[in-house]
Every structure is written in structure tokens, then in C-alpha cells.
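Observations on the three-dimensional arrangement
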Amino acid sequence: MKITIASLIITLLLSSISLNAQELKKVKSKSKSKGYIETYYVLKSDKTVKHGAYTKTDLKGNILKTGFYKNNVKDSLWNIYIPGTNLVKSQGYYKDGYKDINWVNFGFDHNNIYRLISFGNYDKGEKTGVWEYKNSRNQTFFKTNYSENKILNSELNSTNVEYYVNNMPQTANTDHPAFYDGGLEICNKSVRISSKMPLLKSADGASVNENVVIISFIIDENGVASEHTIEKSVGVCCDEKAFNAVKAIPDRWVPARVNGKFVESKFILPVTVKVD
């Protein structure tokens, strides 16, 4: 990473000096319904303004997120953790509330191996410069320069997809289709975590004791999935398990691009539900 340890220490030291110059009050907020505890600081002069170190844990005390606020906006180094572990899922910097400079993402693949899945830079919340996306063999399956709108290396086939402009469907040949950060192996792992039964369909197809539910959803320009729909049903029980598992997949989608611009597109995902 380009940011050195020395510069990070200086940044944190300056933040500490700034904090000491203001009167702060520590706040601990617990939400049983949402399953987390937040610990942070606010200005004594205005308790609506977060300022200083921030920590989010689950109800068992496992860390979910750490970072800093500066006058109520995210600032400096932030870490987001894989739930139930002490392993980082995403790490990077904020400036003025936006993701800035270096960001690195990690995850578990289908072999339960924790690995690097992508890295690159942000500028005011937008991806910039060269980004690389890794597969389970630690090979770059997609590399792009966002600043120059150039795809430098890709194992993704350009496809004719349905995308949307002002909610109106259109079709075009993509620069690249929408894909999951780290590949479908990471996505598959997320489905397994969400439910012990649904699994993404393998290339070999379903066996006699499995049913395949086809689910579609929209991935918007920011990589957020919504409007989940069951395209092929195999029965209420299987449908519900598959639907809930896919909806629970973390939003780590990279949206499709057409003519160098991110677009909202439709994604179809087959899910195999094992039947006991």
C-alpha cells in the first residue's frame, strides 16, 4: 500500500490532538433487534456529532467495524470484519466521508481459504486508477483502469445484457457484465453462510436429490442488488430457502459497464437446494 506506517502514525497523532482540543462524551448504544453494539464519541457541545474512534461489535463482543469520525463524517483508516472472526473483509481510508486512496478486500473462497480478492484506489468515493480482482488461484481474472475506462485483462466474456436507463430496459453488448468481487466462489461461500442448504449450481448440474431455483435481481450502478424475483420455482420450501440465501449475499457486486459507464443490469443466478 502506498500509505506508509509513518504517515499513518502522523495522521492518527493529528487526529488525537484534534480530539483533545474538544470536549468529548463516550456513547455506547446497543441494539438487540439488529444484533450489534456501537461505541463512539460525540461532542459534548453537540451530541449529534460523532467525533473520534468508532467501534461496532456483535452482541458477543466480536468486532464488526472500526474507524474514526471527524465532525460526523468518516475519516482516516477503517476496517470492516468478516462476522464471527477477527479477519478483515475490507480495509481502507476515508476522507471527508468518502472512500479515498487505498482499499483492499478479502474473503473466503469455496475451499474455506481466506484470501485477497481485490484492491485499488478511490477518489471521493469513486473507484479510480487500476483495480485488480483475484480468483481462488490468486490469479487476476479482471484488471481495469477506471480512470482511463480501459480493461487491461479480463476472463469475463462480453455479453449482450439487459440494462436500464431511467428505469427503461435496453440491450447492449457490455464492456463487461456484472460480477461478484472475488468471483462466484466467494458468492457461493456467502450463500452457504446464509443457509446450510442452498448452494450455487455447479457446472455438472443438479443430482437427483437436488432442486434448482432460478433467481434474478437487479444490480445497480453502485453494485447493490435489489428486486429479487424467483424465475423458476421448484416448491415453496426450496424457493424460500434459496430466495432468502440470495437476498442475504453481501453487496460486493461490481456493476456491468457499457461504453465505459457503470449501468444497472439484470443478473440471473441458479441456486441448487439439496433435499434431505
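Residues numbered from 1 in each chain as written. Predicted model: local features only at pLDDT ≥ 70, side-chain atom pairs only at ≥ 80, totals over all residues. Heavy atoms only, no water.

1. Considering the environment of Leu116
Stated precisely, the cut-off is as follows: Strands here mean DSSP runs of E at least two residues long; helices mean DSSP runs of H or I at least four residues long; both are numbered from the N terminus. Buried means the residue's accessible area, taken with a 1.4 Å probe over protein chains only, is under 20% of the maximum for its type, while exposed means over 50%, and partly exposed covers the values in between.
Following the sequence through the fold, Leu116 ends up in strand E8 (residues 114-123). Note on Leu116: relative accessible area 26%, which makes it partly exposed. The sequence separation of Leu116 and Phe106 amounts to 10 residues, and the corresponding C-alpha distance is 4.5 Å.

2. Topic: unusual backbone geometry
In this structure, Asn72 takes a positive phi of about 80° despite not being glycine. Along the chain, Asn72 turns up in the loop between strand E4 (63-70) and strand E5 (73-81). Residue class for Asn72 comes out partly exposed when judged on its relative accessible area of 36%.

3. Thoughts on the nonpolar core
Our working rule: What we call a nonpolar core is a set of buried Ala, Val, Leu, Ile, Met, Phe, Trp, Tyr and Cys residues that are connected through their side-chain atoms within 4.5 Å. It only takes one pair of heavy atoms within 4.5 Å for two residues to be counted as in contact.
One finds Phe217, Val246, Ile249, Trp253, Phe267 and Leu269 to be the most contacted residues of the largest nonpolar core, which totals 24 residues. Broken down by secondary-structure element, the contributors of at least two residues to this core are helix H2 (184-194), strand E16 (210-219), helix H3 (236-247), strand E19 (256-258) and strand E20 (261-274). Sort the elements by how many residues they give to this core and E20 lands first, with five residues. The residues contacting Phe267, other than those within four sequence positions of it, are Ala178, Ile215, Ser216, Phe217, Ile219 and Trp253. The next biggest cluster of nonpolar side chains, apart from the first, holds 15 residues, and it includes Tyr54, Tyr94, Tyr122 and Tyr133.

4. Section: the environment of Asn188
As for its placement among the helices and strands, Asn188 is situated in helix H2. Sequence separation between Asn188 and Ile249 is 61 residues, and the spatial gap between their C-alpha atoms is 8.9 Å.

5. Observations concerning the packing of aromatic side chains
Two descriptors summarise a pair of aromatic rings, namely the distance from one centre to the other and the angle between the planes of the rings. This is how it is decided: Whether two aromatic rings pair depends on their centres lying within 6.5 Å, for rings of Phe, Tyr and Trp, where Trp uses its six-membered ring; planes under 30 degrees apart make the pair stacked, over 60 edge-to-face, and the rest tilted. By definition here, charges over rings are those cases where NZ of Lys or CZ of Arg is within 6 Å of the ring centre and within 35 degrees of the ring normal.
Scanning the entire structure with this criterion turns up 20 aromatic pairs. When the centroid spacing of 6.2 Å and the interplanar angle of 80° are considered together, the rings of Trp103 and Tyr122 count as edge-to-face. One end of the pair, Trp103, is in strand E7 (residues 98-108); the other, Tyr122, is in strand E8, with 19 residues separating them in the sequence. Among the residues examined, Tyr122 registers a relative accessible area of 12% and is labelled buried. Among the aromatic residues, those joined into a ring-pair cluster are Tyr40, Tyr54, Tyr69, Trp78, Tyr94, Trp103, Tyr122, Trp131, Tyr133, Phe141, Phe142 and Phe179. Above the face of the Tyr40 ring, Lys50 is positioned so that its terminal group lies 4.7 Å from the ring centre. Above the ring of Trp78, the side-chain terminus of Lys74 is found at 4.9 Å from the ring centroid.

6. Describing the side chain of Ser118
Just so we agree on the cut-off: Polar contacts here mean pairs of N or O atoms no more than 3.5 Å apart (in protein, one a potential hydrogen donor and the other a potential acceptor; neighbouring residues in sequence count only if both atoms are side-chain atoms).
By the element assignment, Ser118 lies in strand E8. Polar contacts involving the side chain of Ser118 include one to the side chain of Asn105, which spans 2.9 Å. In terms of polar contacts, Ser118 uses its side chain to reach the side chain of Asp181, at 2.9 Å.

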